[in-house]
Amino acid sequence: MQAKIQFNCVISPYPAQKIVNLPLFKMNMELKEHFNNKIFKLISETADELGLECYVVGGYVRDIFLARPSKDIDVVVVGSGIEMAQALGKKLGRGAHVSVFKNFGTAQVKYHDTEVEFVGARKESYSHDSRKPVVEDGTLEDDQNRRDFTINAMAVCLNKARFGELVDPFNGLDDLKERTIRTPLDPDITFSDDPLRMMRCVRFATQLNFYIDDTTFEALSRNKERIHIISKERIADELNKILLAPIPSKGFIELDRCGLLPLIFPELVALQGVETRNGRAHKDNFYHTLEVVDNISKHTDNLWLRWATLLHDIGKPRTKRWEPRIGWTFHNHNFIGEKMIPDLFRKMKLPMNEKMKYVQKLVSLHMRPIVIADDVVTDSAVRRLLFEAGDDIDDLMMLCEADITSKNEARKQKFLDNFKLVRQKLKDLEEKDRIRNFQPPVDGEEIMRIFDLQPCREIGSLKSSIKDAILDGIIPNEHDAALEHMLKKAKSMGLTPKNL
């Protein structure tokens with residue numbers, strides 16, 4: 001049987017209200033045309049030779065209809081997936097590599113740049129305290145029943161007699177048309193059995209800009225406490241995928257609406273709310289943060305820059321103060337936020353390496369360009385910013401520009417214009433003074449040799465004086481000028497050179 005599918009759907013990384021005037025994405029195709037790669041023909045032949053039913057399932061099928069590239073090919077075999085993979089490996093010959101994972105009943109075949117995962121059709125049952133199921137051999141129907149969402153439960157037969165036939169028992173194709181995420185079976189059972197599916201539900205809705213079916217969403221709320229049996233690493237992986245979506249705010253808002261966010265990321269939830277006193281209110285820092293993340297996501301796919309943006313105001317709840325003459329303040333929230341990040345990364349099982357330090361640096365410095373841009377843009381302030389930000393200066397400026405969310409268009413434009421001035425000064429001073437990542441031209445070893453000193457406080461003072469003089473534009477970033485400045489400073493401190 002040949003499956004011919006008429007499919008009309010809008011696929012866009014932008015909110016629905018921004019695409020209403022676009023033409024519908026039309027698809028009229030025979031599915032078998034998407035399986036004309038040599039690997040599928042050989043899988044078909046192998047399955048028929050072994051007398052086994054086999055189907056491509058899940059994301060690869062879904063992404064055909066979404067016109068998205070997909071490299072992950074998952075094949076379900078009604079029988080032994082391992083036997084099928086080994087037979088295919090022999091048929092492919094040299095260049096094929098077969099990996100068998102007996103404990104999981106799966107096997108992977110790598111052939112040039114193609115990877116195919118084989119698994120036997122199975123049915124699963126779960127205990128309440130684990131997401132690891134008891135697995136039994138099953139039918140294709142059993143295997144589709146255990147899938148997380150209808151759009152991931154579609155299968156395409158690869159056997160010759162039914163090559164290209166779509167098997168869609170839960171109307172996943174209709175849900176793709178309706179841009180809807182729903183579970184194949186009772187969502188309470190689906191989410192309770194494997195609570196990671198709750199994170200995946202929100203993640204798919206965010207990545208695809210789909211709507212979560214009402215019944216499915218209500219089950220998210222009912223089962224949210226089950227998330228505690230999921231490892232922090234798995235949760236972090238889903239959060240990363242949400243952050244890398246075209247509009248990350250959608251995911252965090254959905255996580256908050258269903259009650260998952262307070263359980264997995266309470267520090268972000270703490271940004272919520274607006275307090276008013278004497279007619280003065282501050283902005284809701286939760287929604288402000290999400291707006292900034294969406295802003296920066298239009299310009300970069302750098303995951304850690306997006307994390308820095310998500311965390312740039314994370315210290316505000318701890319620094320919030322009421323000052324009668326000024327109103328609400330959040331003094332030093334950038335420094336408090338910087339100090340919070342190691343504990344956050346540790347708790348969330350994010351990497352405790354240079355990526356964390358990069359996020360810390362941007363959170364710590366994110367107020368600096370704004371302060372400069374709100375005042376006279378001096379060479380000295382820009383030099384210091386360039387020195388401290390180093391190679392991350394462009395990322396820092398991108399974050400700060402995204403952070404301008406004022407509804408006062410005149411004030412917003414003033415900041416953006418001043419940021420252009422800051423960027424130009426950064427470029428000019430970098431070319432002139434070579435400040436980025438600079439090391440003072442007279443270093444500590446030279447100072448100790450000149451004065452015949454061991455490491456001490458005076459050496460540190462002289463090094464700092466040289467650095468400050470260069471950053472303040474008092475002297476150029478050159479050895480002779482730095483040496484002359486250092487000797488004058490040393491004389492004022494009562495130090496006499498011994499080895500000039």
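Just so you know, the residues in each chain are numbered from 1, in the order the chain's sequence is written. Selection of residues for local features in this predicted model requires a pLDDT of at least 70, selection of side-chain atom pairs for listing and counting requires 80 or more, and totals for whole chains, interfaces and linings are taken over all residues. The side-chain figures draw on all heavy atoms in the structure; neither hydrogens nor water molecules are used.

### Describing helix α1 (residues 38-50)
Phase 1: Taking 1.5 Å of rise per residue, the 13 residues of α1 would be expected to cover 18 Å, and the 19 Å separating its terminal C-alpha atoms lies within 8% of that figure.
Phase 2: Whether a residue is buried, partly exposed or exposed follows from its accessible area with a 1.4 Å probe, protein chains only, as a fraction of its type maximum: under 20%, in between, or over 50%, in that order. Strands here are runs of E lasting at least two residues and helices are runs of H or I lasting at least four, both read from the DSSP assignment and numbered beginning at the N terminus. When we look at burial in α1, the residues that qualify are I39, F40, L42, I43, S44, T46 and A47.
Phase 3: Where α1 is buried, its residues meet β3 (53-57), α2 (59-65), β4 (72-78), α3 (81-92) and β7 (114-120).
Phase 4: At the N-terminal end of α1, a side-chain oxygen is found 2.9 Å from the backbone nitrogen of I39, two or three residues along, and the residue is N37.
Phase 5: Positive phi appears at G51, one or two residues downstream of α1, with a value of about 70 degrees. Helix span is expected to be 1.5 Å times the residue number reduced by one. It only takes one pair of heavy atoms within 4.5 Å for two residues to be counted as in contact. As used in this structure description, the phrase polar contact means that two N or O atoms lie within 3.5 Å; if the pair is within protein, one of them must be able to donate a hydrogen and the other to accept it, and residues adjacent in sequence are counted only when both atoms belong to side chains.

### Describing the pattern of salt bridges
Phase 1: Here, a salt bridge means any Lys or Arg side-chain nitrogen found within 4 Å of an Asp or Glu carboxyl oxygen. Throughout the structure, instances matching the rule amount to 27 salt bridges.
Phase 2: Overlapping salt bridges, with partners in common, bring together E45, E49 and K91 in one network.

### Focus: the layout of surface pockets
Phase 1: Only protein atoms enter the 1 Å grid used here, on which a cavity is any set of points holding a 1.4 Å probe that cannot leave and a pocket is any open set flanked by protein within 12 Å on both sides along at least five of seven lines; residues with an atom within 4 Å of a point are listed as lining. Grid points are joined across faces, edges and corners, and a volume is the space filled by probe spheres set on the points. Volume-wise, the second largest pocket comes out at about 700 Å³.
Phase 2: K283, K316, M367, I370 and R411 are the residues nearest the centre of the second largest pocket, which is lined by 24 residues in total.
Phase 3: Put simply, the parts of the chain that give the lining of the second largest pocket at least two residues each are α13 (285-297), α16 (333-348), α18 (368-373) and α21 (409-433).
Phase 4: Among the elements that take part in the lining of the second largest pocket, α16 stands out by supplying 3 residues, more than any other.

### Observations concerning helix α7 (residues 196-208)
Phase 1: Taking 1.5 Å as the rise per residue, α7 with 13 residues should run 18 Å; its terminal C-alpha atoms sit 18 Å apart, in good agreement.
Phase 2: Of all 13 residues in α7, 11 are buried, a share of seventy percent or more.
Phase 3: Listing the buried residues of α7 in full gives L196, R197, M198, M199, C201, V202, R203, F204, A205, T206 and L208.

### Topic: the packing of helix α17 (residues 354-365) against helix α20 (residues 393-402)
Phase 1: Between the N-to-C directions of two axes lies an angle of 0 to 180 degrees, each axis being a line fitted to C-alpha atoms and, for a helix, fitted only over the stretch in contact. Between α17 and α20, whose axes approach to 10 Å, the crossing angle comes to 50 degrees. The angle between α17 and α20 places the two elements in the oblique class. With respect to the hand of their crossing, α17 and α20 are arranged in right-handed fashion. Together, Y358, L362 and L365 of α17 and D395, L396 and L399 of α20 make up the contact between the two elements.
Phase 2: Side-chain classes follow a simple rule in which Ala, Val, Leu, Ile, Met, Phe, Trp, Tyr, Cys and Pro form the nonpolar group, Asp, Glu, Lys and Arg form the charged group, and the remainder, Gly included, forms the polar group. Residue composition of the contact of α17 with α20, grouped by class: 5 nonpolar, no polar and 1 charged. When an angle is under 35 degrees it counts as roughly parallel; over 145 it counts as roughly antiparallel; between 65 and 115 it counts as roughly perpendicular; any other value is oblique. Left-handed is the label given to a crossing in which the near helix is rotated counterclockwise from the far helix by less than a right angle, and right-handed is the label when the rotation is clockwise.

### Section: the confidence of the model for the chain
Phase 1: For every residue, the predictor reports its confidence as pLDDT, a number between 0 and 100. Confidence along the chain averages 86 in pLDDT terms, with 90% of residues attaining 70 or more.
Phase 2: Here residues 1-29 is a poorly scored stretch, pLDDT under 50, and it has 63 contacts once near neighbours within four places are set aside; other chains count.

### Side note on the pairing of β3
Phase 1: Among the 5 residues that make up β3, 4 are buried, leaving the element largely enclosed by the rest of the structure.
Phase 2: DSSP calls a pair of strands paired once it identifies at least 2 bridges connecting them. Two elements, β3 and β4, share 5 bridges in a ladder whose sense is antiparallel. The partner of V57 across the bridge, within β4, is D74.
Phase 3: Two strands pair when backbone bridges link them, and β3 and strand β10 (residues 155-157) are joined in this way by 3 bridges, in the antiparallel orientation. Residue pairing across strands places V57 opposite A155, the latter belonging to β10.

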